Amino acid sequence: MFSSATPSPLLSLPLYPNPSHNFCNKLSFTRRHLLFLSTTSLSLLSSPLSSSAIPQPPPPPDTTVTDRVYMDFSICPTFLRPDADDCSDSLPLGRLVIGLYGRLVPLTVSNFKAMCTGSAGSSYKDTLVQKIFPGQFFVAGRQGRRDKGEVRPPLDLARNTETVDPRAFALRHSRAGVVSLCLSENDDDDEIKLNPDYRNVEFLITTGPGPCPQLDNRNIVFGSVLEGLDVISAIASIPTYKPAERIRQLNDLAEFLGDERAQIARATWNKPLKTVYISDCGELKVTKPTLSPPSLP
């Protein structure tokens, strides 16, 4: 009763899209890419990274000993007496041999060496150890009056621009025998510092037994004691003037109120009760620069 007819084109279409239509081609394409990416990642992981991609640490400070100087220390009870031209009854403490880091801080080393040889128009010879801080360091080379055992202001020293160079503060005061230029611990008179030709030559030497981190980044380490640590111990053992706690409190109050006498009074603190002075100093020739001991900072 019903005649056969050509099915409608709409009825011939599938009701749902064929899930396999072009899927295999897309899947195979994706697999190829995944295989390529995984192979590339493995090759990158297995290959060493370029050295240019890794930040390199800065080179360590060059502590090659380029110069050597000596300092003889003595105790003299008549050093500051006006009737004594020299100290004939001095008690020798011994000699320090100091290695200088001329490649690290050449200006500081050159000035210090000139003060040891006397070529700067002044010298450390016959000047006092000004202060001793027990268990920490001692200070010498304060400028002022020669008749008070202080250094005569040098006239022929180059201006030390390393005092404002951050690279000059790289080394630490990590042990006994570290030699550095006094900056934070400098106690030269203000009148001397205001002179346009002022050159700082005051120095300190750590006495141990431990480090002095309060000096780090504030004073320029330019050398170390190579011989004579027993001499340093002898200097460190000399008794010093220590004010009573009540005097310290009054001094702090006077400083807070702006009394200039507070600073003058503090100048006598930590002064040795025996007259310790540099009886001789000079340069020792170095035929070949040598590396510093490995225990240095």
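Keep in mind that this is a model prediction, so the values were computed, not measured.

## Focus: helix H6 (residues 245-256)
Okay, step 1: End to end, H6 covers 17 Å across twelve residues, agreeing with the expected 16 Å (1.5 Å per residue, within 8%).
Okay, step 2: Looking one or two residues past H6, Gly258 carries a phi angle of roughly 85°, positive in sign.

## Brief notes about empty space enclosed by the protein
Think of a ball as big as a water molecule: rolled over the atoms, this probe shows where empty space is left.
Okay, step 1: Under the criterion given, the structure shown has one cavity of 30 Å³ or more.
Okay, step 2: Considered as a void within the structure, the largest cavity measures approximately 60 Å³ in volume.
Okay, step 3: Around the largest cavity sit Thr108, Asn111, Phe112, Met115, Tyr124, Asn160, Leu181, Asn200 and Val201, which together line it.
Okay, step 4: The leading source of residues in the lining of the largest cavity is helix H3 (residues 106-117), at four residues.
Okay, step 5: Here the lining of the largest cavity is composed, by residue class, of five nonpolar, four polar and no charged.

## Quick notes on the nonpolar core
Okay, step 1: Core analysis: the largest hydrophobic core is formed by 44 residues, its most contacted members being Met71, Phe73, Ile98, Phe112, Tyr124, Phe203 and Ile205.
Okay, step 2: The leading source of residues in this core is H3, at five residues.
Okay, step 3: If we skip the residues at most four places from it in the chain, Tyr124 touches Met71, Phe112, Met115, Cys116, Gly141, Val151, Val201, Phe203, Ile278 and Cys281.
Okay, step 4: Grouped together as the second largest cluster of nonpolar side chains are seven residues, Phe133, Val139, Leu204 and Leu215 included.

## Structural notes on the pairing of strand S4 (residues 127-133)
Okay, step 1: In terms of burial, S4 is largely enclosed, as seven of its seven residues are buried.
Okay, step 2: In this structure, S4 lies alongside strand S9 (residues 276-284), joined through two bridges in antiparallel fashion. Across the sheet, Thr127 pairs through a bridge with Ile278, a residue of S9.
Okay, step 3: Judged from the four bridges that link them, S4 and strand S5 (residues 137-140) form a sheet pairing that is antiparallel. The residue bridging Val129 from the neighbouring strand is Ala140, located in S5.
Okay, step 4: The antiparallel pairing of S4 with S5 creates a hairpin that spans three residues between the two strands, and Gly135 there sits at a positive phi of about 75°.

## Some words on the sheet that holds S5
Okay, step 1: Around the barrel, which closes on itself, the eight strands sit in the order S2-S3-S8-S6-S7-S5-S4-S9 with antiparallel pairing between neighbours. Averaged over all pairs of adjacent strands, the angle between their axes in this sheet comes to 35°, without regard to strand direction.
Okay, step 2: Here strand S3 (residues 91-100) runs beside strand S8 (residues 220-227); their pairing, made up of four bridges, is antiparallel. The residue bridging Leu100 from the neighbouring strand is Gly223, located in S8.
Okay, step 3: Contacts from H3 reach strand S2 (67-75), S3, strand S6 (178-181), strand S7 (203-206), S8 and S9, with the element oriented near 45° to S2.
Okay, step 4: On top of the sheet, helix H5 (residues 229-236) reaches S2, S3, S4, S5, S7, S8 and S9; it is set at about 125° to S3, its chief contact.

Parameters and conventions
- Residues numbered from 1 in each chain as written.
- Predicted model: local features only at pLDDT ≥ 70, side-chain atom pairs only at ≥ 80, totals over all residues.
- Heavy atoms only, no water.
- Helix = DSSP H or I, 4+ residues; strand = E, 2+ residues; numbered from the N terminus.
- Expected span 1.5 Å × (residues − 1).
- 1 Å grid on protein atoms, 1.4 Å probe; cavity = no way out; pocket = protein on both sides within 12 Å on 5 of 7 lines; lining within 4 Å.
- Points joined across faces, edges and corners; volume = space filled by probe spheres on them.
- Nonpolar A, V, L, I, M, F, W, Y, C, P; charged D, E, K, R; others polar.
- Core = buried A, V, L, I, M, F, W, Y, C linked by side-chain atoms within 4.5 Å.
- Buried < 20%, exposed > 50% of the residue type's maximum accessible area, 1.4 Å probe, protein only.
- Contact = heavy atoms within 4.5 Å.
- Pairing = 2+ DSSP bridges.
- Axes fitted to C-alpha atoms, helices over the stretch in contact; angles between N-to-C directions.

Remember, this is a structural readout, not a statement about activity or role.
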